[in-house]
Amino acid sequence: MALAGAGRKLATSIGVIATTLFGLLALTFIIGRMVPADPVLAILGDTFDQAAYDRVYQSLGLDRPLYVQFFQYVQNIVQLDFGQSNVTKNMVASDLARVFPATLELAILAIFIGTVLGVPLGIVSAVRRGTWVDHLGRVVGLLGHSTPIFWLGTMVILIFYAGLGWIPGGGRIDLYNDGLVDGPTGMLILDAALAGEWEVFASAIHHILAPALLLGYAAMAYLSRMSRSFMLEQLGQEYILTARAKGLAQRPIVWKHAFRNIRVQLLTVVTLAFCGLLDGAVLIETVFGWPGLGQYLTAALFYADMNAVLGSVLLIGLISIVINLLSDIVYRFVDPRTR
């Protein structure tokens with residue numbers, strides 16, 4: 001019976017993932033057809049004749065019925081064929097493999113900063129509700145949640161780069177260190193550490209610190225508010241009141257009892273925050289000139305490179321699905337009640 005139940009759960013999960021992926025494919029296809037941009041013009045430019053236009057139009061399959069175009073699109077995506085970029089003239093799949101590690105590296109560091117700072121801040125604010133610590137934490141969270149991140153990035157560049165010269169102007173690494181490390185992951189910090197290239201490692205840290213701190217601050221603002229809310233809810237439960245009545249100290253009440261019961265909720269919001277960082281990296285990468293997926297997507301939108309746009313959107317959606325699937329698996333280890 002247990003095996004049958006596990007099989008049904010697995011089949012249900014696979015069905016949900018397949019349906020979500022199919023819906024994502026349909027959505028990206030519809031977006032690509034609704035955007036008022038002519039892919040033929042993006043390829044030919046301003047100078048062309050009607051014969052050339054018709055030839056490219058047919059080569060792209062735009063003369064076929066819409067449902068035929070969709071199933072051809074699905075077939076190509078299944079084969080990891082996202083088409084060719086009109087800007088770089090490379091296959092979109094190779095472009096994505098080149099730029100995505102930079103965004104992933106930035107998002108991982110940012111979610112680490114946001115979690116390490118945001119979760120304890122929210123818990124302390126809840127424990128000391130109504131005190132100056134709580135008020136300060138709420139103000140910090142409100143500012144991080146309401147202030148546009150592109151404005152913060154611009155201010156950071158004006159003050160710490162143009163004014164004080166403390167941070168680099170943009171990019172992932174200094175020019176004289178570029179190309180010294182070509183590791184398997186594409187994430188410069190990890191590859192430089194594995195290769196023992198500590199000068200490259202230091203340069204990569206220097207470049208990523210400012211954008212990662214800004215993204216991490218935005219994540220911290222969200223995580224601190226949610227952590228405070230979760231902890232306040234638990235501190236008002238009867239089992240907490242009973243523990244206090246028995247004379248149990250504040251520290252074990254908070255960390256051994258209340259925190260244990262909000263771990264699954266925290267895992268959920270951290271997962272959502274990480275997926276949000278992959279989306280929000282578009283603005284911060286543009287401001288800091290970070291050569292990741294966000295900057296690639298921005299350039300593709302500017303030049304109406306729909307193959308690159310749809311490939312980027314599809315990749316972000318696929319990564320979000322995978323992250324949520326992994327978080328569901330982790331739930332089973334964190335909370336035995338979900339097994």
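Residues numbered from 1 in each chain as written. Predicted model: local features only at pLDDT ≥ 70, side-chain atom pairs only at ≥ 80, totals over all residues. Heavy atoms only, no water.

## Details of the pattern of salt bridges
Opposite charge on two side chains makes pairing possible when the charged atoms of those side chains draw close.
In step 1: Under the criterion given, the structure shown has two salt bridges.
In step 2: One salt bridge connects Arg 98 with Asp 95, and the closest N-O pair in it is separated by 3.2 Å. Taken together, the positions of Arg 98 and Asp 95, both in helix H5 (residues 92-127) and three residues apart, correspond to about one turn of that helix.
In step 3: Between Asp 134 and Arg 228 there is a salt bridge, and its shortest N-O distance comes to 2.8 Å. Here the residue Asp 134 occupies a position in helix H6 (residues 132-146), and Arg 228 occupies one in helix H9 (residues 198-235), the gap between them amounting to 94 residues. (Salt bridge = Lys/Arg side-chain N within 4 Å of Asp/Glu carboxyl O. Helix = DSSP H or I, 4+ residues; strand = E, 2+ residues; numbered from the N terminus.)

## A look at a nonpolar patch on the surface
In step 1: On the surface, a nonpolar cluster with roughly 510 Å² of combined accessible area is contributed by Leu 158, Ile 159, Phe 160, Leu 164 and Trp 166.
In step 2: If you trace the backbone, Ile 159 turns up in helix H7 (residues 149-163).
In step 3: On the basis of relative accessibility, which here comes to 45%, the residue Ile 159 falls in the partly exposed class. (Patch = residues over 30% accessible without salt bridge, like charges linked within 9 Å, V, L, I, M, F, W, Y side chains within 5 Å. Areas by Shrake-Rupley, 256 points an atom, 1.4 Å probe, with all protein chains shown as cover. Buried < 20%, exposed > 50% of the residue type's maximum accessible area, 1.4 Å probe, protein only.)

## Overview of the packing of H5 against H9
In step 1: Axis separation between H5 and H9 bottoms out at 5 Å; the angle between their running directions is 35°. The handedness of the crossing between H5 and H9 comes out as right-handed.
In step 2: Here the contact of H5 with H9 is built from residues that sort into 22 nonpolar, eight polar and two charged. (Axes fitted to C-alpha atoms, helices over the stretch in contact; angles between N-to-C directions. Left-handed = near helix turned anticlockwise from the far one by under 90°. Nonpolar A, V, L, I, M, F, W, Y, C, P; charged D, E, K, R; others polar.)

## Overview of the packing of aromatic side chains
In step 1: Going through the model one piece at a time under the given rule, you end up with four aromatic pairs.
In step 2: Ring geometry for Phe 70 and Phe 71: centres 5.6 Å apart, planes at 65°, overall edge-to-face.
In step 3: Accessibility expressed as a relative area gives 53% for Phe 71, which makes it exposed.
In step 4: With 5.4 Å between their ring centres and 55° between their planes, Trp 255 and Phe 259 make a pair best called tilted. Of this pair, Trp 255 and Phe 259 both sit in helix H11 (residues 250-261), separated by four residues, roughly a single helical turn.
In step 5: Judged by relative accessible area, Phe 259 falls into the partly exposed class, the value being 22%. (Phe/Tyr/Trp six-rings, centres within 6.5 Å; stacked < 30°, edge-to-face > 60°.)

## Let's talk about the packing of H5 against H6
In step 1: Running from N to C, H5 and H6 cross one another at 140°; their axes reach a closest spacing of 8 Å. Overall, the two elements H5 and H6 adopt an arrangement that is oblique. For the pair H5 and H6, the sense of crossing is left-handed. Residues Leu 121, Val 124 and Ser 125 of H5 form the contact with H6, whose participating residues are Val 133, Asp 134 and Gly 137.
In step 2: Residue composition of the contact of H5 with H6, grouped by class: three nonpolar, two polar and one charged. (Parallel < 35°, antiparallel > 145°, perpendicular 65-115°, else oblique. Contact = heavy atoms within 4.5 Å.)

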